[in-house]
Amino acid sequence: MIDSTIFKDKKVAFYTLGCKLNFSETSTFGQILAEAGFRTAKAGEFADLCIVNTCSVTDVADKKCRQAIHKMIKQHPSAKIVVTGCYAQLQPNEVAQIEGVDLVLGAEQKKDFSTYLDQLESNNSVEVFTSPLKEIKTFVPSCSKGDRTRYFLKVQDGCDYFCTYCTIPYARGFSRNGSIDSIVNQAKLVAEEGGKEIVLTGVNTGDFGKSTNESFIDLIRRLDDVSGIDRFRISSIEPNLLTDEIIDFVAQSKRFMPHFHIPLQSGSDEVLKLMHRRYDTALFTHKVERIKEVMPHAFIGVAVIVGTRGETDEYFKRASNYIKELAVSQLHVFSYSERAGTLALKIDHIVSPEKKKERSHLLLEYSEEKRKGFYQQFIGQTMPVLFEHSKSQEIMGGFTPNYIRVEVPYDSNLNNKIYPVQLIEFNDDQSAIRGEIIY
């Protein structure tokens, strides 16, 4: 426990980079600090403590982390600076060399977050606490509510896959999870707070159950019975772990939305082998077809990486042709970034930055065509929309069950409420559908 006599009435500032899992974990840090007497620093206030939760999925992410650390040091010159997250785990000495950093915490040390903070006041030099991969074993539960309405509930952490391009297993350790009972209890707490939508997050979400001898399908069955929560979404799930049983369950579920995010990474079987992915395009096609068979209205988002080592012009041509014909709703396109220590560095054929940009641009064009085409199918229909908190005083936005973004004139009374909305037309930039609430 944090010594409240040391930290009572002090101010804390947070800076979180990367995935929703990081935001969820930052929320847990915030709860621990609030219980100890901290309050979040307001705009313009100098914080006594700064927590920077970092990402390291690309070299660009590393650069953004360094910039964020320097920014917090400059904005809060007297604050104690704590850096944690994936960049801190993978490059602890590099982080510690940044002047102004006081404490560096690795993946396993997050569970003892409060213990390390008690030491901050007496430390005169930077302290670094990390563990090697084999010692990263603890699952730290977390659940966060962002600026919007939905909550992000961490159900799993770590990954055993070790894809050739990825450092995440080294940053977060092997696959592990909390128990079904503990996660259901967290969902019930969200319901008590008035939350209506929960997104299940993890590094390899579908791998849930490995450390507790349970299964992902059993988890979602239990969550489906949590009263008070209207909507659950599965943030991302590997295609080889997205079983037909899971798809069929979502199709008849009371609370799980017809919305899937599935990492494809490449539409070339040759490149998938180089990546050490655990499926091929035939399996991926089956998953998409199965979803569309039982849920024709489902939204399917797909993650794709362009420009990996070994992605020749011919391989990319096959991949882009496959993706163009794939019956999905949107693409999330990333350019490959070389990461030290990964097996990808042993693969021949390096794609130039110019070609990466060209390939990314082409797939983003496909993505917009797919998203607009998907939205267009539902214009004229009436669908339930869960409205989210809006910073705009003109537009109120929300999502249908199948993840179509809908906009109506601003009304603060709509926040966290579900109303039937007739979908009328695209907005000016075609990023959403204008709707009319049916009262």
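Preceding this paragraph is the structure being described.
Residues numbered from 1 in each chain as written. Predicted model: local features only at pLDDT ≥ 70, side-chain atom pairs only at ≥ 80, totals over all residues. Heavy atoms only, no water.

Draft legend 1. Just the sheet that holds strand 19 (residues 418–426), in detail. The 5 strands are arranged 16-17-18-20-19 in a closed barrel whose pairing can be described as mixed. Averaged over all adjacent pairs, the angle separating strand axes in this sheet is 55°, with direction ignored. Bridge count for strand 16 (residues 382–387) against strand 17 (residues 395–399) is 2 bridges, and the pairing is antiparallel. The residue of strand 17 that forms the bridge with Phe-387 is Gly-398. (Pairing = 2+ DSSP bridges. Helix = DSSP H or I, 4+ residues; strand = E, 2+ residues; numbered from the N terminus. Axes fitted to C-alpha atoms, helices over the stretch in contact; angles between N-to-C directions.)

Draft legend 2. Quick peek at helix 3 (residues 59–75). The terminal C-alpha atoms of helix 3, which comprises 17 residues, lie 24 Å apart, in line with the 24 Å expected from a rise of 1.5 Å per residue. Within the sequence span of helix 3, burial applies to Ala-61, Asp-62, Cys-65, Ala-68, Ile-69, Met-72 and Ile-73. Along the axis of helix 3, the buried residues cluster in a sector spanning 130°; they form a single face. For helix 3, the elements touching its buried residues are strand 1 (11–16), strand 3 (49–54), strand 4 (80–85), helix 4 (86–90) and helix 5 (92–96). Measuring from the backbone nitrogen of Val-60 back to the side-chain oxygen at the start of helix 3 gives 3.3 Å, which picks out Thr-58 as the cap. (Expected span 1.5 Å × (residues − 1). Buried < 20%, exposed > 50% of the residue type's maximum accessible area, 1.4 Å probe, protein only. Arc of directions from axis to C-beta. Contact = heavy atoms within 4.5 Å. Polar contact = N/O pair within 3.5 Å; in protein donor to acceptor, adjacent residues only side chain to side chain.)

Draft legend 3. Layout of the sheet that holds strand 11 (residues 197–201). Strands sit in the order 7-8-11-12 across an open sheet of 4 strands; the sheet is mixed. The sheet is open, and its two edges are formed by strand 7 (143–145) and strand 12 (231–234), each paired on a single side. The mean inter-strand angle of the sheet, taken between neighbouring strand axes irrespective of direction, is 25°. Examined bridge by bridge, strand 11 and strand 12 share 4 bridges and lie parallel to one another. Its bridge partner being in strand 12, Leu-200 is matched across the sheet by Ile-234.

Draft legend 4. How the structure looks around the environment of Ser-125. By the secondary structure assignment, Ser-125 is in the loop between helix 6 (113–117) and strand 6 (127–129). With 25 residues separating them along the chain, Ser-125 and Gly-100 place their C-alpha atoms 9.5 Å apart.

Draft legend 5. Spotlight on helix 2 (residues 20–35). With 16 residues, helix 2 should reach 22 Å at 1.5 Å per residue; the first-to-last C-alpha distance of 23 Å fits that figure. Phi turns positive one or two residues past the end of helix 2, at Gly-37, with a value near 110°.

Draft legend 6. Region of interest: the packing of helix 9 (residues 216–223) against helix 10 (residues 244–252). Remark: helix 9 packs on helix 10, axes separated minimally by 10 Å, with the N-to-C direction vectors making an angle of 10°. The orientation of helix 9 with respect to helix 10, classified from their angle, is roughly parallel. Two secondary-structure elements touch here, helix 9 through Phe-216, Ile-217, Ile-220 and Arg-221 and helix 10 through Glu-245, Ile-246 and Phe-249. Here the contact of helix 9 with helix 10 is composed, by residue class, of 5 nonpolar, no polar and 2 charged. (Parallel < 35°, antiparallel > 145°, perpendicular 65-115°, else oblique. Nonpolar A, V, L, I, M, F, W, Y, C, P; charged D, E, K, R; others polar.)

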